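What the coordinates show
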Amino acid sequence: MGYTLNFAVIWANLDKLLSGLALGLGLALGAVAMGTVIGLIGGFASVGPSKLGRRIAGAYVTVIRNLPILVIVLLAYFALPEYGIRLDKVQSFVASLAIYAGAYLTEVFRAGLVSVPKGVVEAGRAIGLTRFQISLYVVMPIMLRNALPALGSTFISLFKDTSIAAAIAIPELTFQARKINVESFRVVETWIVASGLYIATCLVIAAGLRSLERRFPKF
Amino acid sequence: MELHVRPLLQIQTLHKRFHDVEVLKGVNLEVREREVVSIIGSSGSGKTTLLRCVNLLEEFDSGQILLDGESIGYRIGGDRRRRLSDRALSRQRSMTGMVFQSFNLFPHLTAAGNIMLGLRKVRRLPKDEARSIAEKWLGRVGLSQRADHYPSQLSGGQQQRVAIARALAMNPKLVLLDEITSALDPELVQEVLLTVKSLAEEGSTLLIVTHEMRFARDVSHRVVFMEQGQIAEQGPPAEIFGNPKSPRLAEFLRSARS
Ligand SMILES: Nc1ncnc2c1ncn2[C@@H]1O[C@H](COP(=O)(O)OP(=O)(O)OP(=O)(O)O)[C@@H](O)[C@H]1O
Ligand SMILES: [Mg+2]
């Protein structure tokens, strides 16, 4: 008959898997928050008046998008301490993921900024708003609303990418699953349950984002 | 009409070029307080560019624009002139209101929110005061019931009336209107023109670019005909429409009628 499925060990260790899942969500949230800040700076720089700013933003996006995320994570984890920058595992991983996400979000926000109608910006100037006020009260909200779907899918990708943290022994879901796997030899069961948890979580996030999108007016 | 020593708006030998094409070739125009002036002229004659220079949305190359005696856009000393700082430009822009052909409402704000943004961030009024001014102006343009609607929930004519309320709520000295009915379905044109007419009757100073000849004739104290970047003829509406002097204007009016 070969292999018989037996989930008993997995259920016994479910708390570990769930705490791994929670940690992964936390890592993704931290990364998306920092990545959004980086992406906003990069996005504004890439359409801004400063040529140097546009160059730096462009180079950043090009470099990061052509690096595998695992390489960025390992580079940050092993290379930064050589330069006296001491981050713990979690900090270094979140920073790596944020820098990675920041490059994608720079592109997302750049596209969002370009999509803000010129006439609407002029209407802001016409009533006497300053350049900064227009960015803050007119351009940003329109751009963020337009970027919301892309922001959501980035968050979901980031959540899945947290499995890479297993490579530097951060005890998130993939790490926990591997540990249970090694201890119990229940290969199939472990990865079926871990996969189910990833899929379920992504679906829940996606549903939450859809309802968030509905809450904001379409334009 | 009251007599004023000095016109509210003085445009003096204004020149403006885009790259190597001269679009405004020495425009002189004055508008007095409470006066309604319409600009007509064929496409490409520079009407929009002229309004945009007055509202400082475009820079210009030489000449001067004075609003209430104040030099607009540039500091002029001797034969040197310097563009004003962003902050100074913003302050001067808030002295004029602009209504655009394409409405340009802020899509993420309600009708009231559109009007309140300038009141709060430029005039720095508290929220409830800004809200009550917004409601007052929405009432004036017949949209009291639509204060909390987003632009996407309003018809074109309603959007344009919100845009008019947004410009006027700032209490500008001068309101610039650039073909504000051109993007509207024919059945919505009248409600917007009636709104403008009521503003004119209440004494707002208006500089209007329009293709609606009947409206220009109806609402204006003076009509200005622009041709190839210059003012070719101006006068009271009865004169301009009834007895055009230049052949170009006569021809323009013939083609506008058909
Ligand atoms: N941003 C720009 N860059 C280059 N050329 C421009 C620009 N804006 C306007 N022009 C040119 O300047 C000239 C005057 O344009 P303007 O829009 O002021 O004309 P108008 O009288 O308002 O025409 P219409 O009746 O079609 O609105 C046109 O030849 C136009 O092509
Ligand atoms: Mg025009």
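Note that this is a predicted model, so its numbers are computed, not measured.

Each value, and the rule that gives it
Residues numbered from 1 in each chain as written. Chains lettered and ligands numbered in written order. Predicted model: local features only at pLDDT ≥ 70, side-chain atom pairs only at ≥ 80, totals over all residues. Heavy atoms only, no water. Helix = DSSP H or I, 4+ residues; strand = E, 2+ residues; numbered from the N terminus. Contact = heavy atoms within 4.5 Å. Areas by Shrake-Rupley, 256 points an atom, 1.4 Å probe, with all protein chains shown as cover. Lys, Arg positive; Asp, Glu negative; His and termini not counted. Charge placed at Lys NZ, Arg CZ, Asp CG, Glu CD. Near = heavy atom within 4 Å. Polar contact = N/O pair within 3.5 Å; in protein donor to acceptor, adjacent residues only side chain to side chain. Nonpolar A, V, L, I, M, F, W, Y, C, P; charged D, E, K, R; others polar. UniProt positions renumbered as here; feature names shortened; annotations may be inferred. Pairing = 2+ DSSP bridges. Axes fitted to C-alpha atoms, helices over the stretch in contact; angles between N-to-C directions. Buried < 20%, exposed > 50% of the residue type's maximum accessible area, 1.4 Å probe, protein only. Arc of directions from axis to C-beta. Right-handed = clockwise from strand over helix to strand, strands pointing away. Buried area = accessible area lost by both parts, 1.4 Å probe. Salt bridge = Lys/Arg side-chain N within 4 Å of Asp/Glu carboxyl O.

**Some remarks on the overall build of chain A**
Within chain A, the secondary structure is distributed over nine helices and zero strands. For chain A, the N- to C-terminal ordering of α and β elements is α-α-α-α-α-α-α-α-α. Here the analysis covers contacts within chain A between residues at least 6 apart in sequence; of these, 80% occur between residues at least 24 apart. For chain A, the exposed area adds up to about 11400 Å²; of that, 68% sits on carbon and sulfur atoms. Of the side chains in chain A, 20 bear a positive and 10 a negative charge, and the two mean positions are spaced by 12 Å.

**Focus: the site of ligand 1**
Residue and element names in this part refer to chain B. For ligand 1, the full set of nearby residues is Phe18, Val23, Ser42, Ser43, Gly44, Ser45, Gly46, Lys47, Thr48, Thr49, Glu179 and His211. Between Ser45 and ligand 1, the recorded distance is 3.3 Å, taken from a backbone N or O atom to an oxygen atom. In the model, an oxygen atom of ligand 1 is placed 2.5 Å from a nitrogen or oxygen of the Thr49 side chain. Alone, ligand 1 offers 640 Å² of accessible surface; in the complex the protein occludes 59% of this. The residue inventory of the shell around ligand 1, partitioned by class, reads two nonpolar, eight polar and two charged.

**Here we look at the UniProt feature "domain: ABC transmembrane type-1" (unreviewed entry) in chain A**
UniProt's entry tags residues 21-209 of chain A with the feature "domain: ABC transmembrane type-1" (unreviewed entry), counted in the numbering of this structure. Counted over residues 21-209 of chain A, helix gives 81% and strand 0%. Its end C-alpha atoms are 19 Å apart.

**Here we look at the UniProt feature "transmembrane region" (unreviewed entry) in chain A**
In this structure's numbering, the residues bearing the UniProt feature "transmembrane region" (unreviewed entry) are residues 20-45, 57-80, 92-113, 134-156 and 191-209 of chain A. Secondary structure content for residues 134-156 of chain A is 100% helix and 0% strand, and the end C-alpha separation is 31 Å.

**Concerning the sheet that holds strand E11 (residues 222-227) of chain B**
Residues and elements named next belong to chain B. Here we have six strands laid out as an open sheet, ordered E8-E9-E10-E3-E11-E12, and mixed in their pairing. With partners counted over all chains shown, the strands left at the sheet margins are strand E8 (96-99) and strand E12 (230-235), one partner each. Direction aside, neighbouring strands of the sheet carry axes that sit 20° apart on average. The sheet contact formed by E11 and E12 spans five bridges and is antiparallel. Bridge pairing links Phe225 to Glu233 in E12. Running at roughly 150° to strand E9 (residues 174-178), helix H1 (residues 47-54) makes contact with strand E3 (36-41), E8, E9, strand E10 (206-209) and E11 of the sheet. Along the sheet, helix H5 (residues 156-169) contacts E8 and E9; its crossing angle with E8, the most-contacted strand, is approximately 170°.

**A short note on helix H4 (residues 69-79) of chain A**
Residue and element names in this part refer to chain A. Listed as buried for H4 are Ile69, Ile72, Val73 and Ala76. Summarising the axial view, the buried residues of H4 lie within an arc of 100°, below the 170-degree limit, and thus occupy one face. Every exposed residue of H4 that faces more than 90 degrees away from the buried side is listed here: Leu75 and Phe78. Packed against the buried residues of H4 are helix H3 (51-65), helix H5 (89-114) and helix H7 (131-161).

**Concerning the pairing of E10(B)**
All names here are of chain B. Residue alternation in E10 divides its side chains into two sets, Leu206 and Ile208 and Leu207 and Val209, and both sets are buried. Pairing of E3 with E10, which is carried by four bridges, proceeds in the parallel orientation. Considered in E10, the bridge of Val36 is made with Leu206. Of the strand pairs in this sheet, E9 and E10 are connected by four bridges, and their pairing is parallel. Bridged to Leu176 within E10 is Leu207. Each parallel crossover has a hand, and for E9 linked through helix H6 (residues 186-201) to E10 it is right-handed.

**Describing the environment of A:Ser135**
Residues and elements named next belong to chain A. Note that Ser135 resides in helix H7. For Ser135, a relative accessible area of 24% gives the class partly exposed. With residues near it in sequence (within four places) discarded, Ser135 still touches Phe44, Met140 and Pro141.

**A short note on the interface of chain A and chain B**
Contacts between the two partners involve 20 residues from chain A and, on the opposite side, 26 residues from chain B. Counting the surface lost from both chain A and chain B, the interface buries some 2000 Å², and carbon and sulfur atoms represent 64% of this. When the buried surface of chain A facing chain B is broken down by residue, A:Arg125, A:Ala126 and A:Ile127 rank first, second and third, together holding 28% of it. Across the pair A:Arg131 and B:Asp86 runs a salt bridge whose closest N-O atoms are separated by 4.0 Å.

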